[in-house]
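Understanding the architecture of this molecule
Okay, here's what each chain looks like letter by letter:
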Amino acid sequence: MKAAKALVYLEGSIGMEMVTVEFRCWEQLYAVIQSIQYANPSKKVGLEEVIDPIPHNFPIFEWQISAFHRLSARSLYPLAKPRPLIIR
């Protein structure tokens, strides 16, 4: 499965910074945003935008990445786009 890209913002009292991150499932994107928040506790961190178009069957969890290679075009798992942690 191809990785997607997203922009994550870090907003502090001095200004705002953007970071481009790659993720292969929604769970990875959430983990990246949380790790950035832990590394920068004095800043507000969140999802600015998803850069790449996301297919309708994009995996939510890490374990689904390898499962998609074994499945046919029809997924056995119900997939829904989760809500981002923070959206501006």
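Residues numbered from 1 in each chain as written. Predicted model: local features only at pLDDT ≥ 70, side-chain atom pairs only at ≥ 80, totals over all residues. Heavy atoms only, no water.

A few points about the environment of Glu62
In plain terms, the rule: Strands are runs of DSSP state E lasting at least two residues, helices are runs of H or I lasting at least four, and both sets are numbered from the N terminus onward. Only protein chains enter the accessibility calculation, which uses a 1.4 Å probe. A residue is then buried if its area is under 20% of the maximum for its type, exposed if over 50%, and partly exposed in between. Residue contacts are defined here by distance: any two heavy atoms, one from each residue, within 4.5 Å place the two residues in contact. As used in this structure description, the phrase polar contact means that two N or O atoms lie within 3.5 Å; if the pair is within protein, one of them must be able to donate a hydrogen and the other to accept it, and residues adjacent in sequence are counted only when both atoms belong to side chains.
Within the element layout of this structure, Glu62 appears in the loop between β3 (44-50) and α2 (63-70). Classification of Glu62 as partly exposed rests on a relative accessible area of 40%. Here the alpha-carbon distance between Glu62 and Trp26, two residues 36 residues apart in the chain, equals 8.2 Å. Contacts of Glu62, omitting those with residues within four sequence positions, involve Cys25, Glu27 and Gln28. Side chain to side chain, Glu62 and Gln28 meet in a polar contact 2.8 Å long.

A word on the packing of aromatic side chains
Filter applied, for reference: Classification of ring pairs rests on two measures: the distance between centres of Phe, Tyr or Trp rings, Trp counted by its six-membered ring, which must be within 6.5 Å, and the angle between planes, read as stacked under 30 degrees, edge-to-face over 60 and tilted in between.
Here the structure, examined in full by the defined rule, presents four aromatic pairs. Aromatic pair Phe23 and Phe58: ring centres 5.7 Å apart, planes at 85°, arrangement edge-to-face. Within this pair, whereas Phe23 is found in strand β2 (residues 16-23), its partner Phe58 is found in the loop between β3 and α2, the two being separated by 35 residues in sequence. Under the relative-accessibility criterion, Phe23 is labelled buried at 1%. Residue classification places Phe58 among the buried residues on the basis of a relative accessible area of 5%. Seen from their ring centres, Phe61 and Trp63 are 6.4 Å apart, and the 10° between their planes marks the pair as stacked. An aromatic cluster is present here, built from Phe23, Trp26 and Phe58 joined pairwise through their rings.

Some points on the sheet that holds strand β1 (residues 4-11)
Where we set the bar: Two strands make a pair as long as DSSP finds a minimum of two bridges between them. Angular values range over 0 to 180 degrees, each being the angle between N-to-C directions of two axes fitted as lines to C-alpha atoms, with helices fitted over their stretch in contact.
Ordered by their spatial adjacency, three strands build an open sheet running β2-β1-β3, and the pairing between neighbours is antiparallel. Two strands lie at the open edges of the sheet, namely β2 and β3, each paired on one side alone. Averaged over all pairs of adjacent strands, the angle between their axes in this sheet comes to 30°, without regard to strand direction. Its contacts with the sheet place helix α1 (residues 26-39) against β1, β2 and β3, and it is angled at close to 145° to β3.

No statement about biological role is implied by the geometric values presented.
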